[in-house]
Amino acid sequence: MSWKSTSLPLSELTGGSMRKALVDDRPILLLRRTDALFAFQGRCPHEGGVLANGTLERDRVICPLHGAAFAIPGGTLLTDPDGIAPPSGDVPSLTSYPARVTSGTVEVDLG
Ligand code: FES
C-alpha cells in the first residue's frame, strides 16, 4: 500500500457528492455516499469525460459527455454511452482505488 494525499478535506466531500482530485498527475474521482468513501479513475474510459462533472445516483455515476453509467461500488460498466444496456463490452469498467481518511484528509492508494 502506498497512500497518497488528495489534499481534499473530508469536510468538503459531503454525503452524496463527487469531487475531482489530481494525485501523481492522475485525475481521480472521489465520491461519498452516506458514510462510504470511493475513489476511481477520474476520466471516463470512453472518451475522457470528467466524471466528477457527471451525475451521482444511488448506485451509479453517469458520465456527463455521453451518458455511460458505472456501478457504485466497484466501477463496473452498467450501460454504454447513450444509456444502452446491456453494454457491448467496448467500453471498459472504471479502475477503482482504495480510499481512506487520515487527519481529516482523503487519501488514495493508486497501487
Ligand atoms: S466520454 Fe463518457 S460516455 Fe463518452
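For the structure itself, consult the block above.
Participant: Can you lay out the sheet that holds strand β4 (residues 36–41) for me, pointing to particular residues and giving the numbers?
Facilitator: Overall, antiparallel pairing links the 4 strands, which are arranged β2-β3-β4-β9 in an open sheet. Since the sheet does not close on itself, it has two edges, and those belong to β2 (17–23) and β9 (96–97), each with one partner. Where strand β3 (residues 26–33) meets β4, 6 bridges bridge the pair, whose relative direction is antiparallel. Residue pairing across strands places arginine 33 opposite alanine 36, the latter belonging to β4.

Participant: Could you give an account of the sheet that holds strand β7 (residues 69–71), with specific residues and numbers?
Facilitator: One key point about sheets: their strands pair by backbone hydrogen bonds, in either a parallel or an antiparallel sense. Overall, antiparallel pairing links the 4 strands, which are arranged β5-β6-β7-β8 in an open sheet. Since the sheet does not close on itself, it has two edges, and those belong to β5 (55–56) and β8 (77–79), each with one partner.

Participant: Any chance you could break down the environment of cysteine 44 for me, citing the residues and the numbers?
Facilitator: By secondary structure assignment, the location of cysteine 44 is in the loop between β4 and β5. What makes cysteine 44 buried here is the crowd of 23 C-beta atoms within 10 Å. The spatial distance from the C-alpha of cysteine 44 to the C-alpha of leucine 94 is 7.5 Å, given a sequence separation of 50 residues. Sequence-distant contacts of cysteine 44, that is, excluding residues within four places in its chain, are made with Gly49, Leu51, Cys63, Leu65 and Ala68.

Cut-off values and rules
Residues numbered from 1 in each chain as written. Predicted model: local features only at pLDDT ≥ 70, side-chain atom pairs only at ≥ 80, totals over all residues. Pairing = 2+ DSSP bridges. Helix = DSSP H or I, 4+ residues; strand = E, 2+ residues; numbered from the N terminus. Buried ≥ 20, exposed ≤ 12 C-beta atoms within 10 Å, placed from the backbone. Contact = placed C-beta atoms within 7 Å.

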